[in-house]
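Observations on the model geometry
Single-letter residue listing:
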Amino acid sequence: MDGVQERDGGEYAIEAAGLRKTFNGVAAVDGVSFSVRRGEVFGFLGPNGAGKTTTVRMLTGVIRPDGGSARILGHDIVRAPVRAKQGFGVVPETANAYADLTAGQNLMLVAGLYGLDRSKAERRAEALLSALGLFERQDDRVQGFSKGMKQRLILAMALLHEPDLLFLDEPTGGLDVQSTHLILSMLRDLNAAGTTIFLTTHNMDEANRLCDRVAIMRTGRIVALDAPERLKMAIERLHTVEVSFDGRVEAGALAALAGIVSADREGDRWVIATADVDAAVRALVGFAGAEGLRIVRLNTPAPTLDEAFLRLTEGTG
Ligand code: ATP
């Protein structure tokens, strides 16, 4: 049970310790630990299937972890889910508004679920709908809404009970510029007013613009966690070397060479990520000599941030 002093949760909004979830014998989340301070904007960045949504679903009490624990605003999400849920709002990956109801009816449904005072909830609903550009559409059924309008309504629904912490899973994925802009500016205003924000995204640039800290996830694990500018600097320091040999080579053999971070095969060439081009080229030449291979081509193209990010999240393959 939660004690009285746990009620305000102290310094941290989220404390995850060793979270694990396995589906059909495969670890979707494989020992994830991190803390999010109150007032922070924290991003989870990673490619499809990295385990971001599974982590959010464990943190928000939708699915039970196979191992580890999470405290949300000071409450253990498995042992005290109701108390935890009173303090946070969720914008899930897939739309959860009722299509047969109007925007206003969906909001009043949420008000009922949280036991909010009706007239106070109506005033707040109006303010949220206005801020999110939906005021004129409040009496229209959600059925006719565009994807961006639905997503803005879901954000309003998640905010109706004035949560201290907001979870968003890919909040702007596939949205047009106007909806993206409205959502991002709402998130900035909320954070300025003290709301803690946890979001997942594929978009490096969005994470960079919004987040105080970013965790990069890959195959169920956090592989890097830092302020976005520092991550960017670390990622930008990764360069690319492209090499082709006249014979067969194993990815693991290349990735094990000095100075090489990862090696990916693209057709008949290898794309190597390295922080030290000189060391990587020397290692590749040495490797070719030792294996009796000829280097057919060797190229050191200028890196782009997106490519470097992909190398970091995809690893050896
Ligand atoms: P995306 O960006 O595509 O949403 P993600 O990083 O959120 O990806 P998850 O949705 O958490 O990744 O998925 C992680 C892994 O777990 C994937 O391999 C996925 O197929 C698997 N997975 C997730 N949910 C389930 C489920 N309910 N049953 C079986 N496998 C699942």
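Procedures and definitions
Residues numbered from 1 in each chain as written. Predicted model: local features only at pLDDT ≥ 70, side-chain atom pairs only at ≥ 80, totals over all residues. Heavy atoms only, no water. Helix = DSSP H or I, 4+ residues; strand = E, 2+ residues; numbered from the N terminus. Contact = heavy atoms within 4.5 Å. Buried < 20%, exposed > 50% of the residue type's maximum accessible area, 1.4 Å probe, protein only. Arc of directions from axis to C-beta. Core = buried A, V, L, I, M, F, W, Y, C linked by side-chain atoms within 4.5 Å. Pairing = 2+ DSSP bridges. Salt bridge = Lys/Arg side-chain N within 4 Å of Asp/Glu carboxyl O. Near = heavy atom within 4 Å. Polar contact = N/O pair within 3.5 Å; in protein donor to acceptor, adjacent residues only side chain to side chain. Areas by Shrake-Rupley, 256 points an atom, 1.4 Å probe, with all protein chains shown as cover. Nonpolar A, V, L, I, M, F, W, Y, C, P; charged D, E, K, R; others polar. Domains from an automatic or database assignment. Axes fitted to C-alpha atoms, helices over the stretch in contact; angles between N-to-C directions.

Turning to the environment of Leu231, a few remarks are in order. Within the secondary structure, Leu231 is located in helix α8 (residues 228–236). Distance from Leu231 to Asn208, taken between C-alpha atoms, is 9.3 Å for residues 23 residues apart in sequence. Among all residues touching Leu231, those that are not within four sequence positions of it are Val214, Ile216, Ala224, Leu225 and Asp226.

The set of residues buried in α8 consists of Pro228, Leu231, Lys232 and Ile235. Taken end-on, α8 shows its buried residues confined to a sector of 100 degrees, consistent with a single buried face.

Judged by nonpolar contacts, the single largest core of 45 residues is most densely connected at Leu107, Leu153, Leu155, Leu166, Leu168, Leu187 and Ile197. Take this core: its biggest share by element is 8 residues, from helix α5 (residues 147–159). If sequence neighbours within four positions are ignored, Leu187 has contacts with Leu155, Leu166, Leu168, Ile197 and Leu210. If you look at the next biggest cluster of nonpolar residues, it comprises 26 residues, including Ala13, Phe42, Ala50 and Ile72.

Moving on, we come to the pairing of strand β10 (residues 221–226). Both faces of the sheet carry side chains from a regular strand, because those side chains alternate between them. As paired strands, strand β9 (residues 213–218) and β10 are joined by 5 bridges and run antiparallel to one another. From the neighbouring strand, Val214 faces β10, where its bridge partner is Asp226. Between β9 and β10, which pair antiparallel one after the other, the connecting turn spans 2 residues, and Thr219 there sits at a positive phi close to 35 degrees.

With that settled, the discussion passes to the pattern of salt bridges. Counted by the stated rule, this structure contains 13 salt bridges. A salt bridge links Asp226 to Arg230; its shortest N-O distance comes to 3.4 Å. According to the relative accessible area criterion, Arg230 is exposed, its value standing at 53%. Here the salt bridges do not stand alone but share partners, grouping Arg37, Glu40 and Arg213 into one network.

Close to the ligand lie Phe23, Ala28, Pro47, Asn48, Gly49, Ala50, Gly51, Lys52, Thr53, Thr54, Glu93 and His202. Residue Thr54 places a side-chain N or O atom 2.5 Å away from an oxygen atom belonging to the ligand. Here the ligand, which alone exposes 640 Å², has 62% of that area covered by the protein. A per-element tally of the shell around the ligand places helix α1 (residues 52–59) first, with 3 residues. The residue inventory of the shell around the ligand, partitioned by class, reads 4 nonpolar, 6 polar and 2 charged.

The subject of this paragraph is the domain arrangement of the chain. Its domain assignment divides the chain into domain 1 (12–233) and domain 2 (238–313). Here the C-alpha centroids of domain 1 and domain 2 sit 39 Å apart.

For the rest of this paragraph, the subject is the sheet that holds strand β7 (residues 165–169). If you trace the 6 strands from one edge of the open sheet to the other, you get β6-β7-β8-β3-β9-β10, paired in mixed fashion. Lying at the two open borders of the sheet, with one neighbouring strand each, are β6 (88–91) and β10. Put simply, the sheet's adjacent strands are angled 15 degrees from each other on average, direction ignored. Along the sheet face, α5 touches β6 and β7 and points at about 165 degrees away from the line of β6.

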